[in-house]
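Listed below are the residues making up each chain.
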Amino acid sequence: LFFHCPERHRSRVGFDLQEEDGTLLVTAVQPGSRAEVAGLKAGDRILKAGEVEVRTMFDLHRGGVAAGKAGIPLVLEVLRDGERLLLEVGGREEE
């Protein structure tokens, strides 16, 4: 089997990502999305997803899965304008 992770990705919580220089760069945030409600902005660099240090999209996925299994919101540590911020992304929207 061959698995491929693209360099760009649109998440289910409403933001677009690009792998760049060993980090994940938020390139866009969709209006009204859970990402926007959490406070993510284009230009943020995702450093951690829960307890997982993030360098690739798979790292972000692992952090999201761990939060989901624990039944807790995903907390992202992001770097914005030289400042580290913690942003809580809520769980799945009600169906």
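Summarised in this report is the structure supplied together with it. (Residues numbered from 1 in each chain as written. Predicted model: local features only at pLDDT ≥ 70, side-chain atom pairs only at ≥ 80, totals over all residues. Heavy atoms only, no water.)

### Some remarks on the pattern of salt bridges
Under the convention used in this document: Salt bridges are counted wherever a side-chain nitrogen of Lys or Arg sits within 4 Å of a carboxyl oxygen of Asp or Glu. Only DSSP runs of H or I covering at least 4 residues are called helices, and only runs of E covering at least 2 are called strands; the numbering of each starts at the N terminus. When accessible area is computed with a 1.4 Å probe and restricted to protein chains, residues below 20% of their type maximum are described as buried, those above 50% as exposed, and intermediate ones as partly exposed.
Inspection of every chain in the model, using the stated rule, returns 5 salt bridges. Here arginine 45 and glutamate 20 are joined by a salt bridge, their closest N and O atoms 2.7 Å apart. Here arginine 45 is found in strand β4 (residues 45-49), whereas its partner glutamate 20 is found in strand β2 (residues 15-20), with 25 residues between them in sequence. For arginine 45, a relative accessible area of 23% gives the class partly exposed. Accessibility expressed as a relative area gives 25% for glutamate 20, which makes it partly exposed.

### Some points on the nonpolar core
Heads up, the condition is: Think of a nonpolar core as a cluster: buried Ala, Val, Leu, Ile, Met, Phe, Trp, Tyr and Cys residues, connected wherever their side-chain atoms sit within 4.5 Å. Every residue pair with non-hydrogen atoms within 4.5 Å of one another is taken to be in contact.
If you look at the biggest cluster of nonpolar residues, it comprises 19 residues, and the most contacted ones within it are Phe15, Leu17, Leu24, Leu40, Ile46, Leu60 and Leu76. Sorting the residues of this core by element identifies β2, β3 (23-29), α1 (34-38), β4, α2 (57-70), β6 (74-80) and β7 (83-89) as the ones contributing at least two each. Once residues within four sequence positions are removed from consideration, leucine 24 is found in contact with Leu17, Gln18, Glu19, Asp44, Arg45, Ile46, Val54, Thr56, Met57 and Leu60.

### Some details on the pairing of β2
This is how the line gets drawn: Here, strands pair whenever DSSP counts at least two bridges between them.
When β2 meets β3, the two strands line up antiparallel, connected through 6 bridges. The residue bridging leucine 17 from the neighbouring strand is valine 26, located in β3.

### Some words on unusual backbone geometry
Although it is not a glycine, aspartate 21 sits at a positive phi angle of roughly 55°. Position of aspartate 21 among the secondary structure elements: in the loop between β2 and β3. The backbone phi angle of aspartate 81 is positive, close to 50°, even though this residue is not glycine. Along the chain, aspartate 81 turns up in the loop between β6 and β7. A relative accessible area of 81% places aspartate 81 in the exposed class.

### Observations concerning the environment of glutamate 20
Our working definition: By the criterion applied in these results, polar contacts are pairs of N or O atoms within 3.5 Å in which, for protein atoms, one can donate a hydrogen and the other can accept it, and in which residues neighboring in sequence qualify only through two side-chain atoms.
Residues glutamate 20 and arginine 55, spaced 35 residues apart in sequence, show a C-alpha to C-alpha distance of 8.9 Å. Beyond its immediate sequence surroundings of up to four residues, glutamate 20 is in contact with Leu25 and Arg45. At 2.7 Å, the side chain of glutamate 20 forms a polar contact with the side chain of arginine 45.

### Section: the side chain of arginine 80
With respect to the helices, strands and loops of the structure, arginine 80 is situated in strand β6. Discounting chain neighbours no more than four positions away, the residues touching arginine 80 are Gly39, Leu40, Lys41, Asp44, Leu85 and Leu87.

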